[in-house]
Each structure stands twice: as structure tokens, then as C-alpha cells.
Amino acid sequence: MTGESSTPTSRRTSLLTVREGSSQHRVFQLVGWGIFVFFLILVPIALPNFRVSQFGQSIAFAVAILGINLAVGYGGLLSIGHIAFMGTGAYITMIFVNDYRWDYWMTFPLALVVCFLFGVLVGLPALKIRGLYLALVTFSLAYTFPILLKIDQWGISRRTGGDNGRTIKEVLRPPSWARSLPTLSGKNPQEQQATYQYWCFFIVAFICFLLVRNLIRSRPGRAIVATRDNQIGAAVSGVNLNLYKVMTFGISAAFAGIGGSLLAINLASVGPSSFDARYAILTLMGLVIGGVATLHGCWVGGVLLVFLQDIVTRIKFTAIPFFKIEKGSPLTQAVFGLILILVAFFAPGGIMSVAKKLKARFIRVVPNPPTAADRVAAAPVESPAAEVLSGAH
Amino acid sequence: MQLFLQRIFDGLNNGAVYAVVAIALVLIFKATTLVNFAQADMAMFGAYLTWMFATQQGWPVWPSIFVAMILTGIGGAVIERVLIRPFDPSDHLPIVLITFGLAAILEAISGWKWGLEFHKFPSPFPAKPTDFIAIGGARLRYETIGTLIAMGAMVLGVFLILNKTKIGLAFRAVSSTIESSRLVGIKVGQTLQFGWFLAAALGTLGGALVARQTNLEPAFMAKLVIFSFAAATLGGLDSIGGAVIGAFLVAMIQSILVGYAQQIPGLHWMKSNYALVIAFVVILVVLLFKPEGLYGTRRIERV
């Protein structure tokens, strides 16, 4: 499930072997980043504005999937209900921009805080409910969320727009300096707007990914993963399970909420149909296809989610006899379902694990041999407890 | 009083349908310790097959239901072998998503094959507007009685299969301890397949019973299945009798709470489509305070 562990294939001879942290390794890392940045800049330059906007949507989904990943992938809390947090984020952005004339940027911290609290609230049952049972509860949350938005009381449906949702009146307008960002034609205001949105989204996403990366590598992050891998073992090692589970849920909900806010800006309208059980499953599928408990997998999942939907709605199925195809059929989900089943069979770690294996064919990164100082630090300490333990055997 | 009775009768009708699907869920949970999120769509598919036989081929309703049950049962057994068995049931995420993927594929297939519009489903019971017994002014429809009888027959059938046949004994053994069953020579794989066969066939029956009242469209069971989840959770996910009782309890709570919400201050926004909230609350409360449900086996975890 981790996809991070070393695979037997990496033992096979690869073209190059580099030592971790060596200058060669640094160069390869830089080249990897360079390729990423190259494509990142290429998107708004080489593609028309609606494609740029789709990439913006991919980034929004990537952030949401990152949040889901934190709970499902790293924390092992099988939640199908994160769509509710995404929806909360999106609705907060929409309502505060529309009704209170807030700036887009001001809604992010609010969405973050509200979704965190909402996540903690939903996470409380997760202390007692585990595995499939948690999936059951969160699945019914995903089903209930769109219905709660339509409640015709306390002004809820007036604010949320009920069945149809509401459009966001304000547009994310690029300031004058941003109009000179490189785009395909260079003059079209729509292109400038899409490009500006794309870069803004990227900055937000970059910060989110940096935060999660550092969290995972830190002591609390290791505790989260330990809770997933062996709950009792983690508790024995001094991890406060309750605290960590609730916090994992809250933080992951906060990131999902940010993803939802971005999505609201991108879609320019927020309605219950974008945050129903169908999307809950689609985002989870994006996560699994990209690669559970990997950071790059979230990007892959986000991009796949948007562009597969796009491709599927464009395919002309009249070519297939026997089936009559109508617009709006649940085809996207079926294509995702099929891909998911194939991935589960042939690449259980998702696309990222395949990429890792491919990379291992060419470049192998080996960890540094421990130095003398490390050996001293790692040497078993002669303590009374150790004697008792060894004496017990 | 009349209204109250009417709500009880409505609740009985819904309860019978929830019970059928909840039993299917429980059978699969007992067999493979897996919550089958594709159950709704398997039932939907079976209902479509029934509809196809009954209206397009012109068969009588009950033979159509029977043939559809056999066909979907075989389908269920195949699904178990192809999609479920290769995966480790204790690793929940892939298997949950596989059932979701399966649900999506079934939904898409029926959308392609039979269209997304509503179809009228032939009634398996007399369903003219005059077909009811008046009790205290409330109408107990023949449909309700028929659904209850079908449900009762089904529970009896499942009970007899599990308790009086050899394969039923094997099924109970496997759902109790897989390793020991394998040691005494039970073919575990086939037994699990049998569980899926039963569950898929029962789901089809449930779909056919309810399709007449809701009309047929690719998502018609998905709207109901949350209630069956709630029923199975309330009764205990591994108890068949519990699922039946849970189903009637959930249906009664739904029918009465939605019926009287208008009179309760602060709840008058609650219309029938908010009943899902009730199901959510039931699932949440049961899992929080009595995770094994009313009649389920308490699970003890060891390191």
C-alpha cells in the first residue's frame, strides 16, 4: 500500500548507481525539477485558455487529493467523505465572495479553519470506528452532504442556492503586472485570466505540498504513518492515538477544503452536483490511480481526473454498435472504474510505483553507508531494561 | 390514528425492501468481511434484467424475476472469482474502490443498454388503485402484503439453505474461521462464491420488489441502499436476523419521523428526501456506541 518501499526490481542491474546526497544525485534531482518547471511554464504558453483553465482545475483537484491522501494514504483512515470538506471550502469561498464582498484570498484562511474544525468533528467518530466501518460512515456523509445544502430553513438554501447552486459574480481578475505573464497569443484577456489563475493555483498548491511533505517527514508525520501501520505498536511507542487521528483528519480536511475553494474559483459556480458521492469516489479513484501515500501521485491523480473526464465526454460512441450513448451518462465513472480495476491488478501501487520501477531501471539511488559517528549513535545502549529484555529470552 | 396506521404500513413496505438488500449485504460481509458498495448496482442490474424479460420478451413477471436472480447470481459468483478473490480483504482501500468501480461499470452498462429515462416496471403483485385492505381507514396495499410475504419466504429460504444444507454448513464454517475450514477440507473459494451467488440473487429480488414503486432508472437502487446500510449496521453487520429487524426499525423511524416532522418544532424542513439524514445518523450513532450492532458478534482485536 505504501509504494514507498524498495522493490525487488531495484536490485536488478541499472545503468547508473548514485549515492544518496552525492553531487551526482543532486544533479539528477535538479534535472527532475527542471523538467517539471519546464512543463509547468510550457502549459500557459503552448495551450489555449480553456486547456490552461483545465490544468488549473487539475491543480485544485491535486490539492484536494493531497488532503484525502493525508488521511487515507498516510493515516490509514479510510474516508470517502472528504468531498464534504471540499464542498464546505467551495461554498465558503462562493458565499463570502458573493454575499460579503470578500476578496478570494481572504476566504482561504476561513475555509482552512472551518474545514479543519469540521474535519475534527467528523474525525471524532474515527477514534472508535475503523476500517470498513469508517468507510460506511463517511460514505453516508458523502451522500448526505448535498442534501444538507438544500435544507429550506435558517436561510441555508438561500445562501447555498439549493439545487442549482450559485455562480460566483466576482472574477479572479489579473492585476496589470500579471497581464504580461507569457500566454499563447499574449493579448487575449481570457488567456491572461486563465494564466493568472493557473499561476495563483500553483503557488497555493506548492505551499500546500511543501507543508504536507514537511509534515510527513517530521516526527508527527512518522507518528501518523505508524498509526496506520501498527496501531498498537504506535501506542506502545508513545504515540497519542486519539490526538493524532483527530489531527490527521482535521488537517486533511483543511487541505481538502482549500482544494474545494480553488475548485470554486475555477468552476466559477458552486452547486451540490459537484460535491456528491460520485465525485467522492472519483477523487478517491484519482488518488489510488496516481499512487496512495505518495506526493507526486496527487498531481497525477488530479490531472487524470480532469482530462479523463474531458476525453470521455468527447468520445463518439456511435462507433460501437449495440450501445446507444447519451450525453451525461455515467461513462466517466465507468472508465475510471475500469482503469482502477486494471491498476489494482497490474500496478497495485498506482502510476507512481510504475514510474519508480522504470526509474530504477536507469538510475539507482543507494543510501550512504553509515559513518563512524552514526554507528556510535545507533549502538545498543547498555541499560537495565535491555538486560531484562535479553534475559527474558 | 388513520394516518399513523398508514405510516406504519408504509414503513412495513419499505422495511421489507431494505431487509432484502440488507441481507444481501450481510451475506457478503459474513463471507468476505467486505462491505459491498456495489450491492445497489448489482440489484439495479438484476431489476433491469427482470424488466427486459418481462416487457421486451413478454414473459410473466415471476419467471422473469427468477431467471434474472439466477443470472445475476452467476454474475455475482464470477465477480467474486475475478475481482474480489485476488485481493487481500484486510487491505480495505483497493477492495472498497473495486466495488465502487464495479458499481460504476454496472451503472454505465445499464445506462448504455437501456437508457437513462425512467421505465415503468411491471408489478409482481396486484397493484390496481383498488387493491388494498382498509384497516381503520388506512390502506394496507396488496403490494405491501406481497412484499412482506416475499421477504418472509426469502428469509426462510436463506435460513434453510444456511442451516439444512451442506453448502450452508460450509458457509457458516468459512464465515466463522477460514483457516480451520480449509484444514477440514472445505473448498473455501467455492463457498465464498456461493455467498456472492446468494447475495446477488437476493439483491435482484429486492430490486424487482421495489422497482415498481420507484420506477426503473440506473440510479434507483443507489438512493435506497444507504437505508440498507443503516439497517445492516443497526442489526449487526454479520447477523441475518439482525438485518431484518434493523431494516424494519430504520424504515419505521424514517416513516414516522418524516411523517410527523411537520408537527415537531424546528424540524418542519424535513421532507421525505431528507430521510437520508436519518440513515446517516443511525449509522453514525450505532457505530459510535454499539459498533457490533444489535445482534452482531463483538469483534475482539489482538496484536
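In case you missed it, the structure is sitting above this.
Residues numbered from 1 in each chain as written. Chains lettered and ligands numbered in written order. Predicted model: local features only at pLDDT ≥ 70, side-chain atom pairs only at ≥ 80, totals over all residues. Heavy atoms only, no water.

**Q** Sorry if this is basic, but what is going on with the overall build of chain B here?
**A** In terms of regular secondary structure, chain B is built from 11 helices and two strands. Taken from the N to the C terminus, the helices and strands of chain B come in the order α-α-α-α-β-β-α-α-α-α-α-α-α. Its C-alpha atoms put chain B at 60 × 50 × 35 Å along the principal axes. Expressed as a percentage of its 303 residues, the buried residues of chain B come to 58%. Here the contacts in chain B between residues at least 6 apart in sequence split such that 74% fall between residues at least 24 apart. A total accessible area of about 12500 Å² is found for chain B, and carbon and sulfur atoms account for 67% of it. Positive and negative side-chain charges in chain B, numbering 21 and 14 respectively, have mean positions lying 7 Å apart. (Helix = DSSP H or I, 4+ residues; strand = E, 2+ residues; numbered from the N terminus. Buried < 20%, exposed > 50% of the residue type's maximum accessible area, 1.4 Å probe, protein only. Contact = heavy atoms within 4.5 Å. Areas by Shrake-Rupley, 256 points an atom, 1.4 Å probe, with all protein chains shown as cover. Lys, Arg positive; Asp, Glu negative; His and termini not counted. Charge placed at Lys NZ, Arg CZ, Asp CG, Glu CD.)

**Q** Before we go on, may I ask you to explain the overall build of chain A in this structure?
**A** Counting its secondary structure elements, chain A contains 16 helices and four strands. Looking at chain A as a whole, 49% of its 393 residues are labelled buried. The long-range share in chain A, meaning contacts at least 24 apart out of those at least 6 apart in sequence, stands at 79%. With an accessible surface of roughly 19300 Å², chain A has 65% of that area assigned to carbon and sulfur atoms.

**Q** Just to check I follow, could you spell out the packing of aromatic side chains for this structure?
**A** The description of two aromatic rings rests on the distance between their centres and on the angle between their planes. All names here are of chain A. Across all of its chains, the model carries 28 aromatic pairs over all chains by this definition. With 6.3 Å between their ring centres and 45° between their planes, F345 and F346 make a pair best called tilted. We classify F345 as partly exposed; its relative accessible area is 32%. Three or more aromatic residues link up through ring pairs in this structure, and these residues are W33, F36, Y198, W199, F202, F206, F209 and W299. (Phe/Tyr/Trp six-rings, centres within 6.5 Å; stacked < 30°, edge-to-face > 60°.)

**Q** I keep staring at the pattern of salt bridges and nothing clicks. Help me out?
**A** Side chains that differ in charge, positive against negative, can pair when their charged atoms come close. Residue and element names in this part refer to chain B. Following the criterion strictly, the structure yields four salt bridges over all chains and no others. R85 serves as the salt-bridge partner of E80, at 3.1 Å between the closest nitrogen and oxygen. R182 is the salt-bridge partner of E179, the closest N and O atoms lying 3.6 Å from each other. Of this pair, E179 and R182 are both found in helix α7 (residues 178-183), three residues apart, which corresponds to roughly one turn of the helix. (Salt bridge = Lys/Arg side-chain N within 4 Å of Asp/Glu carboxyl O.)

**Q** I tried to follow empty space enclosed by the protein on my own but got confused; where do I start?
**A** With a probe scaled to a water molecule rolled over the atoms, the places where space remains empty come into view. All names here are of chain A. In this structure the tally under the stated criterion is one cavity of 30 Å³ or more. Lining the largest cavity, in full, are G75, L77, I224, T227, Y244, K245 and T248. Elements supplying a minimum of two residues to the lining of the largest cavity: α8 (219-229) and α10 (241-267). Looking at the lining of the largest cavity element by element, the count peaks at three residues for α10. The residue inventory of the lining of the largest cavity, partitioned by class, reads three nonpolar, three polar and one charged. (1 Å grid on protein atoms, 1.4 Å probe; cavity = no way out; pocket = protein on both sides within 12 Å on 5 of 7 lines; lining within 4 Å. Points joined across faces, edges and corners; volume = space filled by probe spheres on them. Nonpolar A, V, L, I, M, F, W, Y, C, P; charged D, E, K, R; others polar.)

**Q** I would appreciate a short explanation of a nonpolar patch on the surface in the present structure.
**A** All names here are of chain A. A surface patch of nonpolar side chains, about 560 Å² in accessible area, is lined by W33, F36, V37, I41, I45, F206 and L210. Elements represented by at least two residues in the nonpolar patch include exactly α1 (23-46) and α7 (189-217). If you trace the backbone, L210 turns up in helix α7. With a relative accessible area of 38%, L210 lands in the partly exposed category. (Patch = residues over 30% accessible without salt bridge, like charges linked within 9 Å, V, L, I, M, F, W, Y side chains within 5 Å.)

**Q** Looking at this model, I keep getting lost on the environment of D41 of chain B. Mind explaining?
**A** Residues and elements named next belong to chain B. In this structure, D41 sits in helix α2 (residues 39-56). On the basis of relative accessibility, which here comes to 5%, the residue D41 falls in the buried class. For the pair D41 and A222, spaced 181 residues apart in sequence, the C-alpha separation works out to 6.8 Å.

**Q** Honestly, the state of the cysteines in this entry has me stumped. Any pointers?
**A** Among covalent bonds in proteins, the disulfide is the one between the sulfur atoms of two cysteines. A complete count under the given rule lists zero disulfides over all chains for this structure. In this structure C208 of chain A is not part of a disulfide, and its nearest cysteine sulfur, from C298 of chain A, lies 11 Å away. (Disulfide = S-S within 2.5 Å.)

**Q** When you look at the packing of helix α3 (residues 82-99) of chain A against α10 of chain A in this model, what are you seeing that I'm missing?
**A** The description of two packed helices rests on the angle between their axes and on the distance between the axes. Residues and elements named next belong to chain A. Put simply, α3 and α10 touch, their axes get as near as 6 Å, and they point 50° apart. Here α3 lies oblique to α10, going by the angle between them. The handedness of the crossing between α3 and α10 is right-handed. Listed contacts from α10 to H82, F85, M86, G89, A90 and T93 of α3 are F249, S252, A253, A256, G257, G260, S261, L263, A264 and I265. In terms of residue class, the contact of α3 with α10 is made up of nine nonpolar, seven polar and no charged. (Axes fitted to C-alpha atoms, helices over the stretch in contact; angles between N-to-C directions. Parallel < 35°, antiparallel > 145°, perpendicular 65-115°, else oblique. Left-handed = near helix turned anticlockwise from the far one by under 90°.)

**Q** So what exactly am I meant to see when it comes to the side chain of S79 of chain A here?
**A** All names here are of chain A. Counting through the fold element by element, S79 comes out in the loop between α2 (49-74) and α3. At 3.2 Å, the side chain of S79 and the backbone nitrogen of G81 are in polar contact. Those residues in contact with S79 that lie beyond four places of it in its chain are V72, T138, F249 and L284. (Polar contact = N/O pair within 3.5 Å; in protein donor to acceptor, adjacent residues only side chain to side chain.)

**Q** Quick question: what am I supposed to make of the environment of F171 of chain B here?
**A** Residues and elements named next belong to chain B. Looking at the secondary structure, you find F171 in helix α6 (residues 166-176). A residue is classified by how much of its surface remains accessible, and F171, at 1% relative accessible area, is buried. Sequence spacing of F171 and L97 is 74 residues, and the spatial spacing of their C-alpha atoms is 25 Å. In contact with F171, not counting residues within four places along its chain, are L27, K30, A31, L162, T191 and G195.

**Q** Teacher, can you tell me more about the packing of α2 of chain A against α10 of chain A here?
**A** Residues and elements named next belong to chain A. Closest axis-to-axis distance for the α2/α10 pair is 7 Å, and the angle between their directions is 170°. In terms of their interaxial angle, α2 and α10 are classed as roughly antiparallel. Considering the relative orientation of α2 and α10, their crossing is left-handed. Of α10, the residues touching α2 (which contributes S53, G56, Q57, A60, F61, V63, A64, L66, G67, L70 and A71) are T248, I251, S252, F255, A256, I258, G259, L262, L263, N266 and L267.

Keep in mind these values describe shape, not function.
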